[in-house]
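# A structural walkthrough
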Amino acid sequence: MGAGGLTLDCPITRKRMMGAKLLLIETRLALSSLLRKQRSDAALSQEGLAEKIHSSQSRIAKAEKGDPSITYDFLFRALLGAGTTNQQIGETIARTDAKI
């Protein structure tokens, strides 16, 4: 039995877990979209951003597509390298949370 008497067989627990997974997916996609926009607005190519943050063009492309192999740490590094502010990142995450 889990916390509060809920088990993984419990429909409420499964629904909460699915909601959390959905939130992570939606957040990743929203941040990936923000990265594409910010990079474009900054007139940076994928290669240019990759150089700026000491990475590769292919990793930037994966980040912009929302590839789950890209960590949130890398996504934040790329966003900041593209000139995104902490406030813009926070607002994007907050909007995602409000949607779900």
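Scroll up for the structure.
The following paragraphs examine the structure supplied in this document. Bear in mind that the values here come from a model prediction, so they are computed numbers and not experimental data. (Residues numbered from 1 in each chain as written. Predicted model: local features only at pLDDT ≥ 70, side-chain atom pairs only at ≥ 80, totals over all residues. Heavy atoms only, no water.)

### As for the nonpolar core
Defined as follows: Among the buried residues, those of types Ala, Val, Leu, Ile, Met, Phe, Trp, Tyr and Cys that are joined through side-chain atoms within 4.5 Å form a nonpolar core. Throughout this description, buried means an accessible area under 20% of the type-specific maximum (1.4 Å probe, protein chains only), exposed means over 50%, and partly exposed covers the range between. In this analysis, two residues are considered to be in contact whenever any of their non-hydrogen atoms come within 4.5 Å of each other.
L35, L49, I60, F74, A78 and L79 are the most contacted members of the largest nonpolar core, which totals 15 residues. Excluding its chain neighbours within four sequence positions, the residues that come into contact with L49 are L35, R39, L44, I60, A78, G81 and A82.

### Some words on the packing of aromatic side chains
Rule in force here: Under the pairing criterion, centres of Phe, Tyr and Trp rings, with the six-membered ring standing for Trp, must be within 6.5 Å; the plane angle then separates stacked pairs below 30 degrees from edge-to-face pairs above 60, leaving the rest tilted. By the criteria applied, helices consist of DSSP H or I runs no shorter than four residues and strands consist of E runs no shorter than two, each listed in order from the N terminus. Two thresholds decide whether a charge sits over a ring: the Lys NZ or Arg CZ must be within 6 Å of the ring centre and within 35 degrees of the ring normal.
Counted under the stated rule, the structure contains one aromatic pair. Aromatic pair Y72 and F76: ring centres 6.2 Å apart, planes at 40°, arrangement tilted. Here the residue Y72 and the residue F76 both occupy positions in helix α4 (residues 72-81), the gap between them amounting to four residues, near one helical turn. Exposure remark for F76: the relative accessible area of 29% places this residue in the partly exposed category. Above the face of the Y72 ring, R28 is positioned so that its terminal group lies 4.6 Å from the ring centre. A cation over a ring is seen here: R59 above F74, with NZ or CZ 4.1 Å from the ring centre.

### Brief notes about helix α3 (residues 57-65)
Threshold: Within this analysis, the arc is defined by the directions that extend from the helix axis to the C-beta atoms.
Those residues of α3 lying buried are I60, A61, A63 and E64. Looking straight down α3, one finds that the buried residues subtend no more than 160° of arc, so they occupy a single side. Immediately downstream of α3, the backbone of G66 shows phi near 80°, a positive value.

### A look at the environment of A82
Mapped onto the elements, A82 comes out in the loop between α4 and α5 (86-99). Take A82: its relative accessible area is 6%, and that puts it in the buried class. Taking the C-alpha atoms as reference points, A82 and Q46, 36 residues apart in sequence, are found 10.0 Å from one another. Excluding residues within four positions of it along the chain, A82 makes contact with L35, Q38, R39, A42, L44 and L49.

### So, the environment of L31
Of note, L31 is situated in helix α1 (residues 11-41). According to the relative accessible area criterion, L31 is buried, its value standing at 0%. Residues L31 and Y72, 41 residues apart in the sequence, show an inter-C-alpha distance of 9.2 Å. Contact partners of L31, with chain neighbours within four places excluded, come to Y72, L75, F76, L79, I89, T92 and I93.

### Re unusual backbone geometry
In the Ramachandran plot, A43 falls in the positive-phi region, its phi being about 55° despite a non-glycine side chain. Among the residues examined, A43 registers a relative accessible area of 70% and is labelled exposed. One non-glycine residue, H54, lies in positive phi territory at about 60°. Locating H54 in the fold gives a position in the loop between α2 (46-52) and α3.

These values are about where atoms sit, not about what they do.
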